[in-house]
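Listed below, chain by chain, are the residues.
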Amino acid sequence: MEKLLDLEQEIKRDQEEAKRAKELYQLLSSYNAYSILLMKANKEYNGEKACFKQYYFDSDCYKKQIADLFGLFKTDEYIIAKELSGNNKDMLFLIDQDTLLKLTSFDITNSNIAGLSYIGYDFLKINNCKARVYNQSVYHRDPYYCEAYYEDKDAFGLFNNDRLVTPSYALNSQFRSYDNMDIRDILKIQSLDKIYEKITEAKNTKAKKLVLTK
C-alpha cells in the first residue's frame, strides 16, 4: 500500500513519456512519408519510373509535424498557401529555373486518427511565371438551409503565360506584396536534395528533444 501512495508522480512521469513517444512516432512517420514522396518526385524529375518494390510501414503523415519538418525554410525559399475554397495547403518550391514543385496536404476527414493528413506532389513547368492578386468567385453551399451562392474574394495565384497554374489561394499581406512579380524574383532555387536535407535536419533536431528523459 505504501508503494501505491507514491504512485501519482510516477504516473505523471509515465504519461509525459508516453506523450513524447507518441509525438516522436508521428514525427518519424511524417518524415518517412515525405522522404518517400521526395524519392518518387526525384525519380520523375530525372525521367525514371517511380516504382518501389518495398512496402513502407509507418508512413502516415500528421498535420502538426508538417510545420515542424518544413520550419527551416525561409520566406524566399518556399511559399506556403491555403486554397481559397477547401482545406488543401500547398508548399511551392522553385527547384530549377523552369520547374516548380508543389507539395500538397489535406486532412483525411474520414479517419478516426486525429491530425492525420494526405500528402502529394506535382511539378509545374514554367517559363514566364508571375504571382498575381486577382478577384475570384467562390462557390458556397449551405446544406442545412439548402442555399447556394457565389461570393467574390481577393485571391493569390501563379500565372504562367497568363494562365493560372496553381489553385486560387487565400490572400494575405505577404502575397499582396508579390503582385505581378516574377516567381524567380520571389523564390531562391531549392533542389530536391536541398529540400530533403533541410527536413532531415529539422527532424533530427526535434527528435533529439523528444527522446530526452527528464
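Procedures and definitions
- Residues numbered from 1 in each chain as written.
- Predicted model: local features only at pLDDT ≥ 70, side-chain atom pairs only at ≥ 80, totals over all residues.
- Heavy atoms only, no water.
- 1 Å grid on protein atoms, 1.4 Å probe; cavity = no way out; pocket = protein on both sides within 12 Å on 5 of 7 lines; lining within 4 Å.
- Points joined across faces, edges and corners; volume = space filled by probe spheres on them.
- Helix = DSSP H or I, 4+ residues; strand = E, 2+ residues; numbered from the N terminus.
- Phe/Tyr/Trp six-rings, centres within 6.5 Å; stacked < 30°, edge-to-face > 60°.
- Buried < 20%, exposed > 50% of the residue type's maximum accessible area, 1.4 Å probe, protein only.
- Lys NZ or Arg CZ within 6 Å of the ring centre and 35° of its normal.

Undergrad: How should I be thinking about the layout of surface pockets in this particular structure?
TA: If you roll a probe as big as a water molecule over the atoms, it shows you where there is empty space left. Roughly 250 Å³ of volume is contained in the second largest pocket. As for the second largest pocket, its lining consists of 15 residues, and the residues nearest its centre are K63, I66, I80, K89 and S105. Of all elements in the fold, only α3 (63–69), β2 (79–82), β3 (89–96) and β4 (99–107) reach the threshold of two or more residues within the lining of the second largest pocket.

Undergrad: Help me out: how do you make sense of the packing of aromatic side chains in this one?
TA: Aromatic ring pairs are described here by two measures, namely the spacing of the ring centres and the angle between the planes. Within this structure, the stated rule accounts for 15 aromatic pairs. Ring plane angle 45° and centroid distance 6.2 Å describe the contact between F70 and F93, whose orientation is recorded as tilted. Of this pair, F70 sits in the loop between α3 and β2 while F93 sits in strand β3, and the two are 23 residues apart along the sequence. Exposure remark for F70: the relative accessible area of 2% places this residue in the buried category. Pairing F73 with Y78 gives two aromatic rings, centres 5.6 Å apart and planes at 35°, and the pair type is tilted. Classification of F73 as buried rests on a relative accessible area of 7%. Aromatic rings pair up to connect Y34, F70, F73, Y78 and F93 into one cluster. Over the ring of F159 we find R132; its NZ or CZ atom is 5.3 Å from the centre of that ring. Over the face of the ring belonging to Y31 we find K203, whose NZ or CZ atom lies 4.5 Å from the ring centre.

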